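# Survey of secondary and tertiary structure
One letter stands for each residue in the lines below.
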Amino acid sequence: MHIKHLSGALVLAACLVTPALAAEPAKPGLTGKDIAFQLPKGNCLACHAIAGGEQPGTLGPELKDMKARFPDKKELAAHIADQTAFNPYSAMPPFMKHGALTQEEFDKLVDFIHGL
Amino acid sequence: MNKIAYPLALFCGLLAVASPALAGPEEDRQAMVKHFKDAYPKMDQANFIYGALAFNQDALNQYKSIMEFPPYVEEMEKAEKLWKTPMKSGKTYADCLPNGGKMIAGNYPLFDNAKGKVVTLEMAVNDCRTANGEEAWKYGDPKTMGLLTAHLRTLSDGMKVNIKVEGPAATKAYEDGKKTWYQRKGQLNFSCASCHTYGAGDKVRSEILSPVIGQTTHWPVFRAGTNLVTLQTRYKGCNGSVRHVGADPGHEIWNNLEYYHSYMSNGLPMQASVFRK
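Thresholds applied
Residues numbered from 1 in each chain as written. Chains lettered and ligands numbered in written order. Predicted model: local features only at pLDDT ≥ 70, side-chain atom pairs only at ≥ 80, totals over all residues. Heavy atoms only, no water. Helix = DSSP H or I, 4+ residues; strand = E, 2+ residues; numbered from the N terminus. Contact = heavy atoms within 4.5 Å. Areas by Shrake-Rupley, 256 points an atom, 1.4 Å probe, with all protein chains shown as cover. pLDDT = per-residue confidence, 0-100. Buried area = accessible area lost by both parts, 1.4 Å probe. Salt bridge = Lys/Arg side-chain N within 4 Å of Asp/Glu carboxyl O. Nonpolar A, V, L, I, M, F, W, Y, C, P; charged D, E, K, R; others polar. Disulfide = S-S within 2.5 Å. Buried < 20%, exposed > 50% of the residue type's maximum accessible area, 1.4 Å probe, protein only. Expected span 1.5 Å × (residues − 1). Arc of directions from axis to C-beta. Pairing = 2+ DSSP bridges. Axes fitted to C-alpha atoms, helices over the stretch in contact; angles between N-to-C directions. Core = buried A, V, L, I, M, F, W, Y, C linked by side-chain atoms within 4.5 Å. Phe/Tyr/Trp six-rings, centres within 6.5 Å; stacked < 30°, edge-to-face > 60°.

A count of helical and extended segments in chain B gives 11 helices and seven strands. Contacts in chain B between residues far apart in sequence, at least 24 positions, make up 68% of those at least 6 positions apart. Entry remark: accessible area of chain B is about 13900 Å², with carbon and sulfur atoms responsible for 56%.

Next up, the structure:
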């Protein structure tokens, strides 16, 4: 069901956006940390301080103690997928709603962030 | 106060406070000033003409020393030459523009009721060109329109931004620009306001986000030395940063945005053709 919805969404996205805007397939070996730190992917560092990351932005809060803040990983995943569903004024990009990451990248990213 | 006048005054007063429909450009600007006063109570908003540099004294000092001998001096010499070159009719831009082109940039963009649309300074330049036997330049082209305005706008250095929004058609254009300012765009879902109203002063990676107030006072800029960038080219660049394919410079969407955007800097002094990272 989930896969079906996702593939439907991807087909729709392919029709609606230029190829350059669709999430590119994950490169093999890209870790959750890579995805969080790299500009074309999650680029979480642009706004959040993260242990091990240099020159973090300050628009969002530091990402730490994540298991205490989000005991349920699914809840954290929902925030990363679309933070505007929780706070319409949030500047945080709705990564999955807008197809900025593949499902594989998203899963790796959520695992990494939840471990902070 | 008589028995009728008092309740009427009270009613009108309440209406003025309660109805956002009555808010106009000046109320918008004052609300923006208050927003930044609340967010940064100790900051002198006069420094907002320096953009993000206003939030970093070291960077501002470096900027001021760079501006003593800017790396784009040769470009400015070319710009002055272009300004002085007569058009096919034999007339110069100074002959064509109001007040010889001096101390006028702060009045632009203006709403031209006869044309029924916003007119930017760049559009006034192209009007001069077509009226004098030349072809219109492409808006945002750094080698022609950008270069000419790099000189033209310096003729208004020190002039205070003086945007006027009068009448329903002008108000409609202003409101359209305001809508663009707050409208989220692109895969990353940012509006201009996300970064430059609500996020101004914060950092994205190592870069401080500049505040909306003061942003329109100093264009074009020379980035990284000699790379000339016009305001509307920057608009399109911002769209690219949020992964949105933006309109080209000169599009009405940008003209109306520039109208709103410039209004937010009303009263601040202009200084054109400055250095930016």
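From this point on, the discussion continues.
Per-residue confidence for chain A averages 82 on the pLDDT scale, and 76% of its residues sit at or above 70. Per-residue pLDDT stays below 50 along residues 1–21 of chain A; that stretch engages in six contacts with residues further than four places along the chain or on separate chains.

Contacts between the two partners involve 15 residues from chain B and, on the opposite side, 26 residues from chain A. If you sort the residues of chain B by the area they bury against chain A, Gln187(B), Arg205(B) and Arg243(B) come out on top, with a joint share of 43%. Applying the counting rule to chain B against chain A returns zero salt bridges. Split by residue class, the side of chain B that touches chain A holds four nonpolar, six polar and five charged.

The full count for this structure, using the stated rule, is one disulfide over all chains. Covalently, Cys96(B) is tied to Cys128(B) through a disulfide, its sulfur atoms 2.0 Å apart. Disulfide Cys96(B) to Cys128(B): torsion about the S-S bond roughly -100°, handedness left-handed. Pair noted here: Cys96(B) is in helix α5 (residues 93–96) and Cys128(B) is in helix α6 (residues 121–131), with a separation of 32 residues, a long-range link. This cysteine, Cys44(A), is not joined by any disulfide, and Cys47(A) carries the nearest cysteine sulfur, 9.0 Å off. The closest cysteine sulfur to the non-disulfide-bonded Cys238(B) is located on Cys192(B), 6.8 Å from its own sulfur. Given a relative accessible area of 30%, Cys238(B) falls into the partly exposed group.

What follows deals with helix α4 (residues 73–84) of chain B. Residue and element names in this part refer to chain B. Taking 1.5 Å as the rise per residue, α4 with 12 residues should run 16 Å; its terminal C-alpha atoms sit 17 Å apart, in good agreement. The complete set of buried residues in α4 reads Glu 75, Met 76, Ala 79 and Trp 83. Considered in projection along α4, the buried side chains sweep an arc of 100° and stay on one side of the axis. In this structure, α4 carries Glu 74, Glu 77, Lys 81 and Lys 84 as exposed residues pointing more than 90 degrees from its buried face. Against α5, α7 (145–152) and β5 (221–223) lie the buried residues of α4.

Residues and elements named next belong to chain B. Overall, mixed pairing links the three strands, which are arranged β6-β5-β7 in an open sheet. Whereas interior strands pair on both sides, the edge strands pair on one side only; in this sheet they are β6 (227–229) and β7 (274–276). Strand after strand, the sheet turns through a mean of 40° between neighbouring axes, direction not considered. The pairing of β5 with β7 spans three bridges and is classified as parallel. By the bridge assignment, Arg 223 is partnered in β7 with Arg 276.

Right, let's talk about the confidence of the model for chain B for a bit. Counting all residues, the mean pLDDT for chain B is 92, and 92% of those residues have values of 70 or more. Confidence drops under pLDDT 50 across residues 1–20 of chain B; counting only partners more than four residues distant or on other chains, this segment forms four contacts.

This part is about the nonpolar core. In a soluble, globular protein the nonpolar side chains are often hidden away together inside. Residues Met32(B), Tyr63(B), Tyr93(B), Leu97(B) and Tyr259(B) are the most contacted members of the largest nonpolar core, which totals 63 residues. Once residues lying within four places of it in the same chain are set aside, the contact partners of Tyr93(B) are Leu82(B), Trp83(B), Thr85(B), Met87(B), Val125(B), Cys128(B), Arg129(B), Trp137(B) and Leu148(B).

Here we take up the packing of aromatic side chains. All names here are of chain B. Under the criterion given, the structure shown has 12 aromatic pairs over all chains. Between the aromatic rings of Tyr 50 and Tyr 63, the centroid separation amounts to 5.8 Å while the plane-to-plane angle is 65°, which identifies the pairing as edge-to-face. Of the two residues, Tyr 50 is situated in the loop between α2 (25–39) and α3 (57–66) and Tyr 63 in helix α3; the sequence distance between them amounts to 13 residues. Residue class for Tyr 50 comes out buried when judged on its relative accessible area of 16%.

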